[in-house]
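Results of the structural survey
Residues per chain, in single letters:
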Amino acid sequence: MRNDKDNLIVKLTFEFALKIIAYSEEIRQNNRFEMASQIFRSGTSIGANIKEAQNAESKADFIHKFKISAKEADELSYWLDLCEHSDFYPTPNKELIKELQSIHLIISKIISSSKKP
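Residues numbered from 1 in each chain as written. Predicted model: local features only at pLDDT ≥ 70, side-chain atom pairs only at ≥ 80, totals over all residues. Heavy atoms only, no water.

Let us now look at the environment of Ala17. Here Ala17 is to be found in helix α1 (residues 8-28). Not counting the four nearest positions on each side in its chain, Ala17 is found in contact with Gly43 and Thr44. (Helix = DSSP H or I, 4+ residues; strand = E, 2+ residues; numbered from the N terminus. Contact = heavy atoms within 4.5 Å.)

Okay, structure coming up:
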C-alpha cells in the first residue's frame, strides 16, 4: 500500500481542494451555482488527477495525469480571475491564488523532471 501522506504534492493538492470547496460554497450562498460548480470541478480535479497518477501504468501515463492537473490549474486560474474582476462574485482570497500558483509551479517541475531519462 502506498503512503501518500509523505507525498508533498498529494498533500498540498488535497488541502487546496478543501479550500476550494469552502470558496465554492461561499459562491453558492450567493446563488451563483454555475460559477461555483466550475470552480469546484476544476479546483478539486487538480488533486484527483495527481492522486490517480500515483497508480500510473507507465511514465507516460504519470506525465499525462500531471498534464491534466496543469490544465485544470489553468482553468481554475481563469475562473478565479473572473471572480476577482467581477462585481457579482466574492473576491477569492489572495492566499488561495498564491497557493494555486505554487501548486502549478510544482506540477510543472514534476512534469519537466519526469520527462528526463
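Right, picking up where we left off after that structure.
Let us look at α1. Look at α1: 30 Å from first C-alpha to last across 21 residues, which is about the 30 Å you get at 1.5 Å a residue. Looking at α1, one finds that the buried residues are Ile9, Val10, Thr13, Phe16, Ala17, Ile20, Tyr23, Ser24 and Ile27. One side of α1 carries all its buried residues, which in axial view fall inside an arc of 140°. In this structure, the buried side of α1 is in contact with α2 (33-53), α3 (59-85) and α4 (94-114). For α1, the N-terminal cap is Asn7; the gap from its side-chain oxygen to the backbone nitrogen of Ile9 is 3.3 Å. (Expected span 1.5 Å × (residues − 1). Buried < 20%, exposed > 50% of the residue type's maximum accessible area, 1.4 Å probe, protein only. Arc of directions from axis to C-beta. Polar contact = N/O pair within 3.5 Å; in protein donor to acceptor, adjacent residues only side chain to side chain.)

Below, the discussion takes up the side chain of Ser24. Positionally, Ser24 belongs in helix α1. Residue contacts for Ser24: discarding those within four places in its chain leaves Ala36, Ile39 and Phe40.

Glancing now at the environment of Asn7. Tracing the sequence through the fold places Asn7 in the segment before α1. In the structure, Asn7 is positioned 47 residues away from Gln54 in sequence and 9.6 Å away in space, judged by C-alpha atoms. Within polar-contact distance, the side chain of Asn7 engages the backbone nitrogen of Ile9 at 3.3 Å.

Here the focus is the nonpolar core. Judged by nonpolar contacts, the single largest core of 26 residues is most densely connected at Phe16, Ile39, Ile46, Leu76, Leu80 and Ile107. In contact with Leu76, not counting residues within four places along its chain, are Phe16, Ile20, Ile39, Ser42, Gly43, Ile46 and Leu100. (Core = buried A, V, L, I, M, F, W, Y, C linked by side-chain atoms within 4.5 Å.)

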